[in-house]
Each structure stands twice: as C-alpha cells, then as structure tokens.
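Topology and contacts: notes
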Amino acid sequence: MADPIVLPPLPYADSALAPVISAQTIGFHYGKHHKAYVDNLNKLLEGHELAGAGLETIVRETAGKPERAGMFNNAAQIWNHSFYWNCLSPNGGGQPSGPMAQRLEQAFGSWDHFKKEFAQAALTQFGSGWAWLVSEGGALKIVKTANAEVPFTKGQKPLLTIDVWEHAYYLDYQNRRGDYANAVIDKLLNWQFAAANYESV
Ligand code: MN
C-alpha cells in the first residue's frame, strides 16, 4: 500500500499565537479542518493512480481538471494549511529587515503601502480563499485565490499567505476579517520563512 499523506505537526503549541489567534481557533482549524482534508484525500487516493505521489504532484496533476476537483480541493487545502502554519510565528509580525525589506520597498513603495495592500487583498477576497505574497520572476506581488486555489500552479512562488476562510478567524474576530488580517501582519507574519521561500529554487 502506498504511503498515506500525513498531517504535518504544528510548528508551535496551539496557544502560541494567542491572543492574535486563540488556542481554540488553532484547535479547530488544525485539529479538525486541516486533519479532515488529510483524511478525505487519503480516502480519495485509495486505489487511485496518484496514490503514493507527493502532495505537490497531486496538486499539480489535479489542478484545473473538473473530474479531479475533489482530490484537488483536499490536496491543495492540505498544502495551503501546512504553508500557512509556517507563515505565522509567535515572534513574527511587523517590518522585516534585510533583503526582504528592500524587495518590499521596491515592489510596494513602502512598508505601509505593502501592509495596506496585503490587508486589502485579505479583506476583499469574496467568500473563502487566501491572500498571498508571491514572487513572480523575482518580483513581489500580492494576489488572491478562491477556495483551495494555489499560486504555484500559475507560475507564482508563494512567500506568505493569510487564510481568509471564516474558520480561520470567526471564533476570535467574528465578521471583522480586516482586524484579523491586520493583526496577523502586525504580530505574526514569519519573514524568515518568506525569505527562505524567496531564495528556494
Ligand atoms: Mn483554513
């Protein structure tokens, strides 16, 4: 039998991101939502030709194929959530230093302008989805994706993301998605992870 897709461990304790994101939110989001995507995908992979393939391969091989939408949605959501946990850090947030600071300034003019644009992307994604900082040919861009969609199937390298599905913030912020996005930007974004993603091949 092919190796199943595994739920990766959270890189910190459930309570590590409080009070910006509560332990209760992380408990449901990681322990229920993220886990359910893993369980669903493993069921869909039983006896499937993609069983045993890596997660990123499964995402690429199912993207844009309506007959494989169920598999894509679960696989991409596993990828997105594993990425998202690493985008957050108890010691994160605020303005980065070093080359990332220069790249942000080059692309957005200033930290304040970047912050406004990223928060606006999070706020204006209609319905469920994700706000992303990506690198496209080395240039930084902010993009939004709906539902489970991922930028890397469109030639964009993800650097950071904010989950804007309601399950990501509703227990802590109710309908105030903008407050959640601004708090994540100010207090949690992991710029070391973003820089490593930028430099990765
Ligand atoms: Mn989520």
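Our subject is the structure listed above.
What you see as residue numbers is a count from 1 along each chain, following the sequence as written. Selection of residues for local features in this predicted model requires a pLDDT of at least 70, selection of side-chain atom pairs for listing and counting requires 80 or more, and totals for whole chains, interfaces and linings are taken over all residues. Only hydrogens and water are set aside when side-chain values are computed; all heavy atoms of the structure are taken into account.

1. Details of the overall build of the protein chain
The criterion, for reference: Strands here mean DSSP runs of E at least two residues long; helices mean DSSP runs of H or I at least four residues long; both are numbered from the N terminus. When accessible area is computed with a 1.4 Å probe and restricted to protein chains, residues below 20% of their type maximum are described as buried, those above 50% as exposed, and intermediate ones as partly exposed. Contacts are residue-level and defined by heavy atoms, with any inter-residue pair within 4.5 Å sufficient. A residue counts as positive if it is Lys or Arg and as negative if it is Asp or Glu; His and the chain ends are not included. We put the charge of a Lys on NZ, of an Arg on CZ, of an Asp on CG and of a Glu on CD.
Along the backbone of the protein chain there are 8 helices and 3 strands. Of the regular secondary structure in the protein chain, the N- to C-terminal order runs α-α-α-α-α-β-β-β-α-α-α. Considering only C-alpha atoms, the protein chain reaches an extent of 50 × 40 × 30 Å along its principal axes. Of all 201 residues assigned to the protein chain, the portion counted as buried reaches 48%. Restricting the contact set of the protein chain to residue pairs at least 6 apart, pairs at least 24 apart contribute 68%. When the 16 basic and 19 acidic side-chain charges of the protein chain are each reduced to a single mean position, those positions are 3 Å apart.

2. Focus on the side chain of His-34
As a reminder, the rule being used: Here a polar contact is taken to be a pair of N or O atoms separated by no more than 3.5 Å, where protein atoms must pair a possible hydrogen donor with a possible acceptor and residues adjacent in sequence count only if both atoms sit in side chains.
Its place among the elements puts His-34 in helix 1 (residues 23-45). At 3.4 Å, the side chain of His-34 and the side chain of Ser-82 are in polar contact. Setting aside residues up to four positions removed in sequence, His-34 forms contacts with Leu-7, Pro-8, His-29, Ile-78, His-81, Ser-82 and Trp-85.

3. Some points on the coordination of the manganese ion
Put simply, the test is: The donor set covers N, O and S atoms within 2.8 Å of the metal, switching to 3.2 Å for Na, K and Ca, and it leaves out water, so a site may look short of donors.
Coordination of the manganese ion by the protein comes from His-29 (NE2), His-81 (NE2), Asp-163 (OD) and His-167 (NE2), over a distance range of 2.0 to 2.1 Å. Site description for the manganese ion: donor spacing in sequence, H-x51-H-x81-D-x3-H. Within this pair, whereas His-81 is found in helix 3 (residues 69-87), its partner Asp-163 is found in strand 3 (residues 157-163), the two being separated by 82 residues in sequence. Across the pair, Asp-163 and His-81 agree in class, each one buried.

4. Considering the side chain of Gln-156
For Gln-156, the position within the fold is in the loop between strand 2 (139-146) and strand 3. Sequence-distant contacts of Gln-156, that is, excluding residues within four places in its chain, are made with Val-134, Ser-135, Glu-136, Lys-141, Val-143 and Pro-151.

5. Some thoughts on the layout of surface pockets
To keep it simple, the criterion reads: Residues are called lining when one of their atoms sits within 4 Å of a cavity or pocket point, these points coming from a 1 Å grid over the protein atoms alone, where a cavity is a set in which a 1.4 Å probe fits but cannot get out and a pocket is an open set with protein on both sides within 12 Å along at least five of seven lines. Grid points are joined across faces, edges and corners, and a volume is the space filled by probe spheres set on the points. Amino acids outside the nonpolar list (Ala, Val, Leu, Ile, Met, Phe, Trp, Tyr, Cys, Pro) and the charged list (Asp, Glu, Lys, Arg) are all regarded as polar, and Gly is one of them.
Empty space within the largest pocket amounts to approximately 200 Å³. Lining the largest pocket are 17 residues, with Pro-96, Ser-97, Asn-190, Trp-191 and Gln-192 sitting closest to its centre. Elements with a minimum of two residues in the lining of the largest pocket: helix 4 (99-108) and helix 8 (191-199). When residues in the lining of the largest pocket are grouped by element, the largest group, 4 residues, is from helix 8. In terms of residue class, the lining of the largest pocket is made up of 6 nonpolar, 9 polar and 2 charged.

6. Some words on the packing of aromatic side chains
Note the cut-off: Stacked, edge-to-face and tilted labels apply to pairs of Phe, Tyr and Trp rings (six-membered ring for Trp) whose centres lie within 6.5 Å, assigned for plane angles under 30 degrees, over 60, and everything in between, in that order.
Tallying each qualifying case throughout the model produces 17 aromatic pairs. Seen in terms of ring centroids, Trp-79 and Phe-83 are 5.0 Å apart; in terms of plane orientation they differ by 15 degrees. Their pairing is stacked. Highlighted residues: Trp-79 and Phe-83, both in helix 3, separated by 4 residues, approximately one helical turn. Both residues of the pair, Trp-79 and Phe-83, belong to the buried class. Centre to centre, the rings of Tyr-169 and Tyr-170 are 6.1 Å apart; their planes meet at 45 degrees, and the pair counts as tilted.

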